[in-house]
Structures are given as C-alpha cells and as structure tokens.
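What the coordinates show
Chain residues, written in single-letter form:
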Amino acid sequence: MALIRKRRLTDQQKRRIEKQHKSRQEELDTSNDLEGLVVQHYGRQLEVQALTIPNPHPEKPIVATGEPEPFWKPIELGSVWRCHTRTNLELLVTGDKVKWQADPNTGLGIITAIHPRTSLLTRPDRYHKVKPVAANVSLIVIVFAVLPEPAPTLIDRYLVACNDADIPALLVLNKTDLLKDDDHLLKLVQEYRNLGYEVMLTQSDGDLTELKQRLENETVAFVGQSGVGKSSLINSIVPEALQKTNIISENSALGQHTTTSTRLIKIGENSALIDSPGIREFGLWHLDLEKIDAGFPEISDVLGHCQYRNCTHTHEKKCALKQAVEENKILARRLTSYLRLIDEITEAQQKS
Ligand code: GDP
Ligand code: ZN
C-alpha cells in the first residue's frame, strides 16, 4: 500500500501565508458591504443581484461641460452585477448568499464573503472531483409523467440523491390529462404516499395553484427525465423565466455559455427556481454504494438481519428483506429497485 505523505508546512511558511492572507483582507474595507444573491454562474464567472443598497449611495462624478459622460451604473435594489471574488473564497455557485461591493464606475462588483449554506448540490466532474453546482436549494421537485412511462428505478434513484443531499423531495406526476381510469401509476402514487413521500398530480396547462402554494418560501430545483414536462411546468409557473434569462445572458456577454450556466429566477416575492440543463439531471449523477441504503429507509431498517452477513438478498433461503416483502413490510418493487441500483453501481465501479 502506498503511503500518502501529507505535505507539512513549516512554521515559517505558515506565518508567511497568514501574513499574505491578512494583507489581502486589509486591502478592502468591508464595513459597508452589501448583501447579495448569486443568480448565475458559469465556472468562476458570477452574476450577483443586489439585495441591499448603500446608504448613502456613491455620488456620480461631476464632469465639466463639453466633457463626455463617464460610465455610471447606479446600485439599485434587484440590479444584477458581474462580479469576481476575493482570491481566498471557496468556489461560489448560484444560490449562494454573499457580501459584496459594487463599483458604479465600472459596473463590476467584488464578492468579499459567503454566508453559510443550508444545502449544496454537487456533482462529480470528469476527474472524479466533487464540483458544487447550486447552493441553498430547499426543495427538489421530482417530475415524472404518465408518458414517457417512468422507468422503475428512476424515481427511487432521485429519492436516494435527494436524501443524500439532505433536501426534501416533492414528487409530481405530470400529464395527468393522459391518465386512464384505474391507471397503474395511481397505484404507484399511493405507494409513495404510504412510504411518507409528498406527491402531487399536475397537468402543465392545468390549475397549478396547489403546486405554486407548495413552492412558497422555497428555493426549488426541478429534476426529472427529459420529456416529462419540466419546461412546460416551469413556463406555467414562472412565465417570465425565458425572458429573464435572455436579459441576464446578454448583459454578461456569456452568450455562448448560457446553456450550461446555472441561473436563479425569482418566483413571486419569496420563492426562487434554480435551473440549468445539468441540474435537471440531478439524481442521474454518480451515486456511491453507501448512499443507496440511506435512500431506502424501509429497507435499511431491516438490513443486517439476514442470516448471512454478505447476503445478496436474491437466492438465499433465509433473507430478512425477502421475508419482509412476504410480510408486506417492504414492496417487492422497491426491493427490486434497490438491488438494481446496487448492481448498477457495483458494475460501474468495476469498470472504472
Ligand atoms: P422536459 O423535457 O421535461 O422539459 O419536457 P417539456 O416541457 O419539453 O415537454 C415535453 C412534451 O410534453 C412537450 O411536447 C409538451 O408539450 C408535452 N407536455 C408537457 N406537459 C404536458 C401535460 O401536462 N400534458 C400533456 N399531454 N403533454 C404535456
Ligand atoms: Zn438478505
């Protein structure tokens, strides 16, 4: 086994780093910092929305008659500013609440501090490093539909990911106009309700009052398979979503990147939506084996009670999980789904 040698800093190096850090801190007077919200990020490029304004507001420079008007962007509530961050800050993402300063002379800002996050969505990058994607999401809306028919493990997979991110999930069965009487999907809905999950039924162009009320005071992300109606639902709930994105991307001159950037859009007064093509695929990202158990609470309750410690819960005669299925304590479908996810991840691990 290779020894991993930790790099130790000498005391002298430590003192030098601390001194550099301190001098950077001292360069900026942070006593009048504004409050802000990161509404868009692409890599290290950030857009911050002003949640407070300076008092007094900086004064516009007076120019002599005949001189050209200098650039001047007033700091207004809700205005959006391209910002960079102080070098000592961690990587910031959409949804982060920050302290920042705006410079009306350049139209640019600098982020000086980050407020503690209530949640963080992360995804592995190409190099298997964990990359932050969105902060402070408080509710994940898992959309599935009558058509395309949901794959059996998919919803469970999303629930595992939500559980791992420690963010509550709301299941939404969309396209209910296509439901048939006695549809087996209604049974599925009831099964999830029995497991304690919140489920709503919607139709994108129908009455969405109940869903809208549920989203109040939340920062939400819509996830789910392509074609289930996420865009349609989002457009019904936040009609200005499309328009707003366009304005932001125009300002930021990030045109060619807008498809992969993550943006935050206000829904009414107290709610927000965080969205990007990447976030919509949340849950399909790589999952670790140990996260699966925690995502199936009714199964993890029984795990460890099988006859063999390495029970595969398939061919064994005395298996606590299979017994629980027979006693109707665990749904057969959920056990299949659980085993399938474990298989999938074990296979993926063997390949890499
Ligand atoms: P997304 O890929 O999840 O964003 O799905 P879209 O919003 O693009 O919708 C996929 C297709 O389903 C489009 O053709 C929509 O018109 C259609 N669709 C969306 N919502 C509903 C619905 O409630 N009922 C029906 N019948 N079709 C819908
Ligand atoms: Zn077993």
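Further up the page is the structure itself.
What counts, and at which threshold
- Residues numbered from 1 in each chain as written.
- Chains lettered and ligands numbered in written order.
- Predicted model: local features only at pLDDT ≥ 70, side-chain atom pairs only at ≥ 80, totals over all residues.
- Heavy atoms only, no water.
- Axes fitted to C-alpha atoms, helices over the stretch in contact; angles between N-to-C directions.
- Helix = DSSP H or I, 4+ residues; strand = E, 2+ residues; numbered from the N terminus.
- Parallel < 35°, antiparallel > 145°, perpendicular 65-115°, else oblique.
- Left-handed = near helix turned anticlockwise from the far one by under 90°.
- Contact = heavy atoms within 4.5 Å.
- Nonpolar A, V, L, I, M, F, W, Y, C, P; charged D, E, K, R; others polar.
- Buried < 20%, exposed > 50% of the residue type's maximum accessible area, 1.4 Å probe, protein only.
- Pairing = 2+ DSSP bridges.
- Donors = N, O, S within 2.8 Å, 3.2 Å for Na, K, Ca; no water.
- Salt bridge = Lys/Arg side-chain N within 4 Å of Asp/Glu carboxyl O.

1. Quick word on the packing of helix H2 (residues 154-165) against helix H11 (residues 332-351)
Two elements in contact, H2 and H11, have axes whose closest approach is 9 Å; the angle formed by their N-to-C orientations is 70°. Viewed along their axes, H2 and H11 adopt a mutual orientation that is roughly perpendicular. Between H2 and H11 lies a crossing of right-handed hand. Across from Asp-156, Arg-157, Leu-159 and Val-160 in H2, the residues of H11 making contact are Arg-333, Arg-334, Ser-337, Leu-341 and Glu-344. Counted by class, the contact of H2 with H11 contains 3 nonpolar, 1 polar and 5 charged residues.

2. Section: the pairing of strand E13 (residues 271-275)
For E13, the buried fraction is high: 5 of the 5 residues fall into the buried class. Across the two faces of E13 the burial is the same, with Ser-271, Leu-273 and Asp-275 and Ala-272 and Ile-274 all buried. The pairing of strand E11 (residues 219-223) with E13 spans 2 bridges and is classified as parallel. Residue pairing in the sheet places Val-220 in a bridge with Leu-273 of E13. Alignment of strand E12 (residues 262-267) against E13, held across 5 bridges, turns out to be antiparallel. Looking across to E13, one finds that Ile-267 is bridged to Ser-271. A loop of 3 residues connects E12 with E13, the two strands running antiparallel in sequence, and Gly-268 in this loop sits at a positive phi of about 60°.

3. Quick look at the coordination of the zinc ion (ligand 2)
For the zinc ion (ligand 2), the full set of protein donor atoms is Cys-306 (SG), Cys-311 (SG), His-313 (ND1) and Cys-319 (SG), at a range of 2.1 to 2.4 Å. Written as a sequence motif, the donor arrangement for the zinc ion (ligand 2) is C-x4-C-x1-H-x5-C.

4. Thoughts on the pattern of salt bridges
Pairing of side chains with opposite charge becomes possible as their charged atoms draw close. Tallied over the entire structure, the rule returns 16 salt bridges. The residue Glu-90 makes a salt bridge to Arg-117 at a minimum N-O spacing of 3.5 Å. Placement of the pair is Glu-90 in the loop between strand E3 (80-85) and strand E4 (97-103) and Arg-117 in the loop between strand E5 (108-114) and strand E6 (120-124), with a sequence separation of 27 residues. A salt bridge links Arg-333 to Asp-156, with the shortest nitrogen-to-oxygen separation between them at 3.5 Å. Taken together, the positions of Arg-333 in helix H11 and Asp-156 in helix H2 put the pair 177 residues apart, joining distant regions of the chain. Arg-333 gets classed as partly exposed once you look at its relative accessible area, which sits at 23%. Judged by its relative accessible area of 0%, Asp-156 falls in the buried class. Taken together, the shared-partner salt bridges in this structure form one network comprising Asp-156, Lys-187, Glu-191, Glu-298, Arg-333 and Arg-334.

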